Amino acid sequence: MLLEASGLTKSFGGVTAIADLDFGVPEGLVYAVIGPNGAGKTTLFNIISGIYRPDEGRLNFSGQDLIGRATHQIARLGMSRTFQNLQIFFNMSVLENVMVGCHARARTGLAGALLRLPRMRREEEEIRKWAGEALDFCGLGGLKGRQASELPYGALKRLEIARALAARPRLLLMDEPAAGLNDTETLEMRGLIGRIRDRGITILLVEHNMGLVMQVSDRILVLDYGSRLAEGTPAEVRSNPQVVAAYLGGEVHYAVE
Amino acid sequence: MKRLRGWWLLAALLAALPLIFPGNYYLIVVGASAGLFAILAVGLNLLMGYAGQISLGHAAFFGLGAYASAILTSRHGWNPWLALGAGLVVTGLIAYLIARPVLRLKGHYLAMATLGFGIIVHILLVQTGSLTGGPDGIGEIPPLSLFGWAIDTDGRWYAVIAATLLLVVLLALNLMDSRTGRALRALHGSEVAAGLMGIDTAAAKTSIFVLAALTAGLAGSLFAHQQAFVSPDSFNFFVSIELVTMVVLGGMASTYGAILGAVILTFLPELLVVFEDYEVLIFGAILMLIMIFLPQGIVGGLKDLWQSGHRRRGRPGKGDQDAA
């Protein structure tokens, strides 16, 4: 297992967001987490990426204990993510946004930057190249020189992915990559997720578009009130009576958008 | 070198001014003063404009550098350059010690904390009379000398301050166009995302806070030797506010904007003297008008105008390539 959680629990002032949750993400797969609004999906992402500290439980990423580590330390272990509500650096250009993604792959510090030493300049060239590759991979190569603030919403979604990929992660957390996209863009996103998986990058996916989830996922974890309702392949999950009950029992916001 | 075009232009301008207006006492003296404030503003802009962390107590570091030089040279007979170095060490150390707890705060709370720090330093300068000379300050500060050449005329001070400004600007430009600079701008854009890209945001904020403080300390040492006299009033709360105004007026996150802000805020009151009683009123009105019509600051506003002009003339710009 690349990522393994056991007994994970997190509550906010008496409201339990994640309750005694166990799951494991095998390397190389697309692993989706689904569940109704408020089921704890984003809380789970925030725990995994180190923004929240769980009250209890263990979290292991490729043999390393994640609990108590700061976000930047977790990122440096080879984990990267995108956000449900975009977290773009709007004060920077498209290329620079992705160059920030290369931060942990480079080394030049304050002194090297101030004096612009030859080694620093060589590294800058490399960072530029890496960032350019990530942009091309996400189909944004033509927008390199633009300010991030000039991009339309769909392109910003892909910019976040390019920035995350520039870090060359082993695990990529994608928080609702298709939210707010039209049908064509959703189709493109599906292709992009597939290409990322083909690169051998493990993907942990939170997504509300069930059509997309069923098509791209290898395994699915269904959350309800912060605990595990079901887990398995898309076919298993779809035929699980509990899932069907939870989904068809009056809840309509799971219809394919 | 395209990257440093602006820097060469600034160097040429600073060198040309005394040649174009030879013997213009006013320009040289006020120019040197504007140069010192430009050094301060460029340093503060690293912290405020680029990294997005406000400081309402920046004059304190200016004062620490100035008093370190003043006390060590006039009271203890230190070599001025050694005193300048010691001043930087002290300023940097104090900045480092307060950076971690203070920079955990955000927005208004950070403003309050830095404001408090600035006021505390000012009060200490006034109250610890045996060390700082109290409200009367310290006089008879010996001049700096460079290779046995005393910097004791207004023209020489202009040259030293201009050279220092050029050095500080060069370092600032280098820094912002680097991995470290991008990390600072990123944490301004989104601190959460910056952390998740592997940036140690607390360490990045601390180092830029210390660097901005060191720049102010350097300006303070030069100021002490240039004036040959320091008193607490040169480093009070209003000076901190003036520095923030320079950065905002010129255009946040623009090194040249910070310089422009410093030049305008130094020269404008001098030019407005002819209005006598109405000087402050007109000064305030000009600042308000600039911020209303150019909310991005002067450099930011002009950049926007330039780009929209380009678009109107049909050159590639915003909106044209969205389909690509």
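Residues numbered from 1 in each chain as written. Chains lettered and ligands numbered in written order. Predicted model: local features only at pLDDT ≥ 70, side-chain atom pairs only at ≥ 80, totals over all residues.

## Describing the packing of helix 5 (residues 118-137) of chain A against helix 6 (residues 153-166) of chain A
Residues and elements named next belong to chain A.
- As a packed pair, helix 5 and helix 6 sit with axes 9 Å apart at the nearest point and diverge in direction by 135°. The orientation of helix 5 with respect to helix 6, classified from their angle, is oblique. In this structure, helix 5 crosses over helix 6, and the sense of that crossing is right-handed. Contacts between helix 5 and helix 6 involve W130, A131, A134, L135 and F137 from the former and A162, L165 and A166 from the latter.
- Split by residue class, the contact of helix 5 with helix 6 holds eight nonpolar, no polar and no charged. (Axes fitted to C-alpha atoms, helices over the stretch in contact; angles between N-to-C directions. Helix = DSSP H or I, 4+ residues; strand = E, 2+ residues; numbered from the N terminus. Parallel < 35°, antiparallel > 145°, perpendicular 65-115°, else oblique. Left-handed = near helix turned anticlockwise from the far one by under 90°. Contact = placed C-beta atoms within 7 Å. Nonpolar A, V, L, I, M, F, W, Y, C, P; charged D, E, K, R; others polar.)

## Some points on unusual backbone geometry
Residues and elements named next belong to chain A.
- Although it is not a glycine, R116 sits at a positive phi angle of roughly 50°.
- Structurally, R116 can be placed in the loop between helix 4 (110-115) and helix 5.
- With 19 C-beta atoms packed within 10 Å, R116 lands in the partly exposed category.
- Despite not being glycine, R168 shows a phi value in the positive range, around 50°.
- Within the secondary structure, R168 is located in the loop between helix 6 and strand 7 (171-175).
- On the basis of neighbour counts, which here come to 16 C-beta atoms within 10 Å, the residue R168 falls in the partly exposed class. (Buried ≥ 20, exposed ≤ 12 C-beta atoms within 10 Å, placed from the backbone.)

## Focus on the interface of chain A and chain B
- Facing 34 residues of chain A, the contacting portion of chain B comprises 28 residues.
- Taken together, the elements giving at least two residues each to the side of chain A that touches chain B come down to helix 2 (71-76), strand 6 (79-81), helix 3 (94-101), helix 4 and helix 5 of chain A.
- Its residues assigned to classes, the side of chain A that touches chain B comprises 17 nonpolar, 11 polar and six charged.

## What about the pairing of strand 3 (residues 30-34) of chain A?
Residues and elements named next belong to chain A.
- Counting buried positions along strand 3 yields five of five residues, so the element is predominantly enclosed.
- Taking every second residue as pointing to the same face, both faces of strand 3 are buried, with V30, A32 and I34 on one and Y31 and V33 on the other.
- Across four bridges, strand 3 lies against strand 8 (residues 202-206) in parallel orientation. Along strand 8, the bridge assignment pairs V30 with I203.
- Note: strand 3 against strand 9 (residues 219-224), four bridges, orientation parallel. When the bridges of strand 9 are listed, I34 appears paired with V222. (Pairing = 2+ DSSP bridges.)

## Structural notes on the confidence of the model for chain B
- When pLDDT is averaged across chain B, the result is 88; 95% of the residues are at 70 or more.
- Model confidence for the complex: the whole-complex pTM is 0.90, and ipTM, which rates the interface, is 0.89. (pLDDT = per-residue confidence, 0-100.)

## Comments concerning the sheet that holds strand 10 (residues 227-232) of chain A
Residues and elements named next belong to chain A.
- Reading across the sheet, the six strands line up as 6-7-8-3-9-10 and stay open at both edges, with mixed pairing between neighbours. At either end of the open sheet lies a strand with only one pairing partner, and these are strand 6 and strand 10. Going from strand to strand, the sheet's axes swing by 20° on average, the running direction of each strand aside.
- The sheet contacts of helix 1 (residues 41-48) involve strand 3, strand 6, strand 7, strand 8 and strand 9, and relative to strand 7 the element is tilted by about 150°.

## Observations concerning the packing of helix 8 (residues 179-189) of chain B against helix 10 (residues 201-227) of chain B
All names here are of chain B.
- One can describe the packing of helix 8 onto helix 10 by two numbers: an axis separation of 10 Å at closest approach and a directional angle of 110°. Between helix 8 and helix 10, the angle is such that the two are roughly perpendicular. Note on packing geometry: the crossing formed by helix 8 with helix 10 is left-handed. Packed against helix 8, whose contacting residues are A183, L184 and L187, the element helix 10 presents T201, A204, K205 and I208 at the interface.
- Here the contact of helix 8 with helix 10 is built from residues that sort into five nonpolar, one polar and one charged.

## Details of helix 3 of chain A
- A large share of helix 3 of chain A lies buried, amounting to eight of its eight residues.
- V94, L95, E96, N97, V98, M99, V100 and G101 of chain A are the residues of helix 3 of chain A that are buried.
- Those residues of helix 3 of chain A that are buried lie in contact with helix 5 and helix 6 of chain A together with helix 8 of chain B.

## Topic: the domain arrangement of chain A
Residues and elements named next belong to chain A.
- Along its sequence, chain A is organised into domain 1 (1-78 + 169-257) and domain 2 (88-168).
- Measuring from the centre of the C-alpha atoms in domain 1 to the corresponding centre in domain 2 gives 27 Å.
- Across the boundary between the two partners, domain 1 contributes 10 residues, which contact 10 residues of domain 2.
- Of all elements in the fold, only helix 2 and helix 7 (183-198) reach the threshold of two or more residues within the side of domain 1 that touches domain 2.
- Broken down by element, the side of domain 1 that touches domain 2 gets its largest block of residues, three residues, from helix 7.
- Across the side of domain 1 that touches domain 2, the residue classes break down as seven nonpolar, one polar and two charged. (Domains from an automatic or database assignment.)

## A look at the confidence of the model for chain A
- Per-residue confidence for chain A gives a mean pLDDT of 90; residues scoring 70 or more make up 96%.
- Here residues 250-257 of chain A scores under 50 on pLDDT; set against residues more than four positions off or in separate chains, the count is eight contacts.

## Let's talk about the sheet that holds strand 5 (residues 64-65) of chain A
Residue and element names in this part refer to chain A.
- The antiparallel open sheet is built from four strands, whose spatial order is 2-1-4-5. Taken across any chain shown, the strands that pair with only one partner, and hence form the sheet edges, are strand 2 (15-25) and strand 5.
- The sheet contacts of helix 1 involve strand 1 (3-12), strand 2 and strand 4 (56-61), and relative to strand 2 the element is tilted by about 65°.

## Quick notes on the nonpolar core
- In terms of nonpolar packing, the biggest core is built from 177 residues, with A131, A162 and I203 of chain A together with A38, L40, A41 and V247 of chain B touching the most fellow members.
- Top contributing element to this core by residue count: helix 2 (residues 25-50) of chain B, with 15 residues.
- Formed jointly, this core draws a minimum of three residues from each of two domains, domain 1 (1-78 + 169-257) and domain 2 (88-168) of chain A.
- The contact partners of A131 of chain A, leaving out residues within four places of it in the chain, are L95, V98, M99, G101, C102 and A166 of chain A. (Core = buried A, V, L, I, M, F, W, Y, C linked by C-beta atoms within 7 Å.)

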